[in-house]
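# A closer look at the structure
Here is how the chains run, residue by residue.
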Amino acid sequence: MRPAVFTIASDLPFLDTLVAGLMAESGGDPLALARHTILLPTRRAVRALREAFLRASGGRALLLPRLAPVGDVDAEELVFLAEEAESEPGFDIPPAVPELRRQLLLTRLVLAWGRARGSGPVTAGQAAPLARELARFLDEVQTEGCDLARLAELVPANYAQHWQQSLEFLGILTEHWPRLLAENGCLDPAERRNRALAAQAEAWRRDPPSHPVIAAGLSGGVAAVADLLAVVACLPQGAVVLPEVDRDIDAESWGEIAGDPAHPQHLPARLLRRLEIEPADLRPWPAPGLRGGRTARRRLVAEALRPAAESHRWRGLAGIDGSALDGLMRLDCPGSQEEAAVIALLLRQRLEHPGETAALVTPDRGLARRVAAELGRWGIEIDDSAGVPLGKTPPGVFLRMVLDVATERLAPLPLLAALKHPLAACGSAPEAFRAQVRRLEIAVLRGPRPAPGIAGLRAALPEEKRGLDAFIDRLEMALAPLLAALAQGETPVRALVAAHVAAAEALAASAAEDGAARLWREAAGEAAAEFVAELLQAADSLPPLDGAGYQALFEALIAGPVVRPRFGRHPRLAIWGLLEARLQHADLLILGGLNEGVWPPQAESDPWLSRPMRREFGLPPPERRIGVAAHDFAQALGAREVVLTRALRVEGAPTVPSRWLLRLETVLRAAGLEGRLGAAVEPLAWQALLDEPPARLALAPPEPRPPVAARPRQLAVTQVETWMRDPYALYAREILRLKALEPIDADPGAADRGIFIHQALDDFVRAFPDALPADAEAQLLAMGVSAFGNALERPGVRAFWWPRFERIARWFVAEERQRRQFLAATCSELKGQLGLAGPAGRFVFTAKADRIDRRREGGLVLIDYKTGAVPSPKDVELGFSPQLPLEAAMAEGGGFAGIAPASISEIAYWHLTGGDPPGEVKPLAADAAAAQRLVADAVAGVSALIARFDDPGTPYRAVPWPEKAPRYSDYVHLARVKEWSIIGEAGE
C-alpha cells in the first residue's frame, strides 16, 4: 500500500490539531476513539495528548485511545511499545538491566581493566563516570543498529596511538560486557527497545491490526522506530503524522537537507527517504475548524534555516511579508539575572489574560531555576519539567551532606551544613534542634578546628557549655553506624550503603516523625528511596571500598538520576526543556538562552571515536544534535506569540548570539525588514523598575550619644587609634559589648602569626636579658617551635610562616649582638598604666609594651615589634596612631612596674616580615628631643579627646575622616557605612 503520511503545519498546535482530526473522524461514536492506538515520542507527549482530548471534549468523559510512548530521536527516553507484541506466540525478550546496576557492573569492569594494565582508573569514584559514558556510547551504538564487533577495524596504522588505546578500552563492551549481561539474563535498555519494536513491527506486518494505528510526532531518529513507522504507514488503517514538512520545497533543497545533519528537517528527510516518498506526497492532516494563518512566519523560518550550501539564495530574497514579525519579539538582556527577571515578568503578565497559557522553553537549566525563583516573588510555584538532578534535591543534598560529615570526621563546615539542613532534627523538634546547633556552633565550631570526631567536639567544649553534652551524645548515636563502617577500612558496599541510610534516617527523625517518613516523602524523596533501593540491590557488583572511595562513588552515581514533577504546579504556566516541549503548545512561548553553546549546544567531540571513525562505524555526526535542537526551535517559532531572549553577558563574559538569531537578522535584512525584530525595550524597562524603590531615603551616618556614665573610663592604648579613626567601633565594642564571632574552621591569620612571633621573642629576651649564648639562633628557633605549637602541623604554617620566622630569628640575633653592648637592661612584655584627668573624672590608659631597653648612659628605648604594616610617621604626628608615644609617656611617669622613671631617648618600630629584608629598624623618634615632642603632643591630644567625649553631646561617629578609616573593622556592616556613604555621594 502507498504510505499514508500526513503533516501538521508549525503554526497549528500539533496535538490539538491531531485530536480535532480524530474526533471528526469518530463522528460522535463514543467507542470509536477507544479503538485507536496512537504512538507518541515521549511520556510527556502522552500526558499532553490526554489534556488535548480533555480540552476538545469540553470536560466531558471520553474513552481515550491507547496511547504509547516509543522513544524517539535519541536515547534520553528509552521507552517502547511491547504489550501487543508480547502477547504474540513465541515473543520472549529478556528484561532490561536496571540503569544503576548497569553502571555499577560497568564500573567493576573499568576497575578490572585499570588493574590489569597497571594504569587507568584506580578508584570507584574515577571509574563510575567512565562507566556512565560507556553506557551512553552503548545506547547510541544500539540505537543506530551498529555492530560492536566492527570496532576493531576502525583504527588504521597511521592513526595516533591513543586511538588504539581507546579501542582497547572499548574492548570492555565487546569482550566482557556481553558475557556479564548473559550471566544476569538481561539486555541493554536500547537493545531491548529495538527488539520489542522489531517484534511489534513484524507482528503488524504479518497480521495487520483491524483498528487504526497512528504514529504522531515521531521523526524516525531511532532506526528501530523508523522501521516501525514504515510498517505503520502501510497498514490498512495506519497513518504517520509528522510535524511540519515543507511540501512545496524543490528537489535541490530537499537533497541538501537530507545531507545536512544540522538542518531541522534532516531527520524527517531521512524518514521520507526510508518510506520512498517525496515531500509533495505528504497530505495535510484533516482538522476541521483549525486554521493556521501564519504563512509568512513559516516562510521566514524556512528561509532563515536553509542549509548553509543554499544561503546564496538570500541575495535575491523577496516575498516575505512584514506580517511574519507579528507576535514575534526579541530581547537582548544585559545579563543572566536580568534575562530571568524579564521572562518571569512576561509569564506573570500572561496570567492577566484569562484562560491563556505561557511557557518558557530552554535547554539552560540554570536559567530555568532562576525564572522559577523569580516567579516566587508573586507566590507562583512553577516546576521545571526537564527535572532536577537527584543530587540537587533536598533529600539528595542531605544524603550527600551526611556522608561528608562522616568522611570529614565532623569537620566544622560539613557538620554545620548537615545540621542546618531543613531535614535535620535528630529526634528533636526542628526548632529546638536549630537552637542547639547554634549553641554548638558558637561554643565549639568557630575559631580553630577542634580535633576530629565526636571526641574532638567533647574536648573542645568549654566547661560553661557542658549542657551541650547530651546534644553531642545524640549526634554520636545517629552517626555511629556510618562512622564505624568508614573506620573499618575497605568494607562491602552494601554495608556502607546500609550504614549511610541508617545515619541519614536517624539525623532526619524528629520528635513527631521517624526519619524514614521525613526523608523519603514527596517526589524527590521517593526518587531518592528508589535510588537507594537500587543501589542496595546492585551493591554486590563492586568490590569493598574505603570511606573516600564510597563517597566518590556515591557522588558520581547520585548525579545521574533526574527527578521530574508528576504534575505541574501551575495550570497555565510551564517551564519545558527541549525534549519536554516537543509537540506542546502555549499561547505565549518564550525561547530563552539563545546563545551559541546553549541553544544550539556545542557539537562535542566523541571521547571514544574520531569523526572519521564514527562515520565509518555508522554513527551519526555530533551535528545531528544541533539539527534536533533546530527542529525544536523552528516548531516553537510557529506559536502565535514568541519571545526570543538571550543574555549579552554570562558571569561577566560576553556571549555570541545563537546562529539562528544571526540567520534571522540576515534574512530580514535581505527581505528589507531590517530593524523590525530589534530588541524590545518595554519589558527591559519593566525589569529595571522591578526592584527600584519608590523613593530614596537620605540616611545620615549613625551618631549614638550614650550618657557619660556609660562611656568607658579605661582603654588600652591600642584602642586609641580606633577611638580616633572610627569612634562608632569603640562604641559598639566597649559600650554595647558586641564582639564579632570568629570564622568557622578558622586558619591562623596574620594576628595569630604575630602572637606566635611575639611569644618567641619574649621568651628569648626573658631567658637571656644580659649576654647572648653562643647558640643564640638555635635557642630562638627552639623557642619558636614551642610558641608555634600545634600550628606547625598545618601545611600552610609549616610551608610559609616557619621559613619566614627562621629568617627573622637570624636577623634578630644579629641585631641583638650589636645592641647588647650598649644596653644596661632589657625587659619584655611589660604592663603599664597612664592616668589623665578629664571633666568627668580620671581616665586610665593601659598598655603592654613589647620591649623597653635601658641604655648604659641612661635613657629608655621603647621598641614595638610589627609583623604587619607599620604606622606612618605622619599618622603618629596627627594622633591617629598614638600607641608608642603614650607608652613612652607611661615609661617617663613610672607607669611600668620594674622600670624606674626616666626620659625616653629613642622610639622605634622593628618591622619583622621574614621577607627581604627579614627585619628592619624604623625609628619613630631617633633622639630625646623628638621623643619628648611626640610624647607631649600625644598626651595633649588624648587629653583633648577625653574632654570632648566627656561631653554628653559628642557622638560616636562612624569613620569621621574617611581618608583615615581603619583598614579593617568588625563593625562596618553594623554602622552601614557603605549604605550612607554611597547615598551621600549620590546626593552630593
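See the structure shown above.
Residues numbered from 1 in each chain as written. Predicted model: local features only at pLDDT ≥ 70, side-chain atom pairs only at ≥ 80, totals over all residues. Heavy atoms only, no water.

## Re the sheet that holds strand 4 (residues 213-216)
- Spatial strand order, 3-2-4-5-1-6: 6 strands in an open sheet with parallel pairing. Because the sheet does not close on itself, it has two edges, and the strands there are strand 3 (66-69) and strand 6 (283-284).
- One ladder, built from 3 bridges, connects strand 2 (residues 37-40) with strand 4; its direction is parallel. The residue bridging threonine 37 from the neighbouring strand is valine 213, located in strand 4. (Pairing = 2+ DSSP bridges. Helix = DSSP H or I, 4+ residues; strand = E, 2+ residues; numbered from the N terminus.)

## As for empty space enclosed by the protein
- Summed over the entire model, instances satisfying the criterion amount to 1 cavity of 30 Å³ or more.
- Quantified by volume, the largest cavity comes out at close to 50 Å³.
- Within the lining of the largest cavity, the residues separate by chemical class into 6 nonpolar, no polar and 3 charged. (1 Å grid on protein atoms, 1.4 Å probe; cavity = no way out; pocket = protein on both sides within 12 Å on 5 of 7 lines; lining within 4 Å. Points joined across faces, edges and corners; volume = space filled by probe spheres on them. Nonpolar A, V, L, I, M, F, W, Y, C, P; charged D, E, K, R; others polar.)

## Some details on helix 19 (residues 493-508)
- The terminal C-alpha atoms of helix 19, which comprises 16 residues, lie 22 Å apart, in line with the 22 Å expected from a rise of 1.5 Å per residue.
- Listing the buried residues of helix 19 in full gives Val493, Leu496, Val497, Ala499, His500, Val501, Ala503, Ala504, Leu507 and Ala508.
- For helix 19, the secondary structure elements touched by its buried residues are helix 14 (394-407), helix 15 (412-419), helix 18 (469-487), helix 20 (515-519), helix 21 (522-538) and helix 22 (547-558). (Expected span 1.5 Å × (residues − 1). Buried < 20%, exposed > 50% of the residue type's maximum accessible area, 1.4 Å probe, protein only. Contact = heavy atoms within 4.5 Å.)

## A few points about the pattern of salt bridges
- Per the stated rule, a full pass over the model turns up 64 salt bridges.
- Of the charged contacts in the structure, one is a salt bridge between arginine 136 and glutamate 133, with a shortest N-O distance of 2.9 Å. One end of the pair, arginine 136, and the other, glutamate 133, are both in helix 5 (residues 124-143), 3 residues apart, so they sit about a helical turn from each other.
- Of the charged contacts in the structure, one is a salt bridge between arginine 313 and glutamate 252, with a shortest N-O distance of 3.4 Å. Of this pair, arginine 313 sits in the loop between helix 11 (295-304) and strand 7 (328-335) while glutamate 252 sits in helix 9 (residues 251-258); the two residues are 61 residues apart in sequence, bridging distant segments of the chain.
- Judged by relative accessible area, which is 27%, arginine 313 ranks as partly exposed.
- Using a relative accessible area of 51% as the deciding quantity, one classes glutamate 252 as exposed.
- Shared partners join several salt bridges into a network, and the residues in it are Asp250, Glu252, Arg299, Glu303, Arg306, Glu310 and Arg313. (Salt bridge = Lys/Arg side-chain N within 4 Å of Asp/Glu carboxyl O.)

## Considering helix 13 (residues 365-375)
- Looking at helix 13, one finds that the buried residues are Gly366, Leu367, Ala368, Val371, Glu374 and Leu375.
- Contacts from the buried residues of helix 13 go to helix 12 (336-350), strand 8 (358-361), strand 11 (573-576) and helix 27 (682-690).
- The opening residue of helix 13 is aspartate 364, an N-cap whose side-chain oxygen sits 3.0 Å from the backbone nitrogen of glycine 366. (Polar contact = N/O pair within 3.5 Å; in protein donor to acceptor, adjacent residues only side chain to side chain.)

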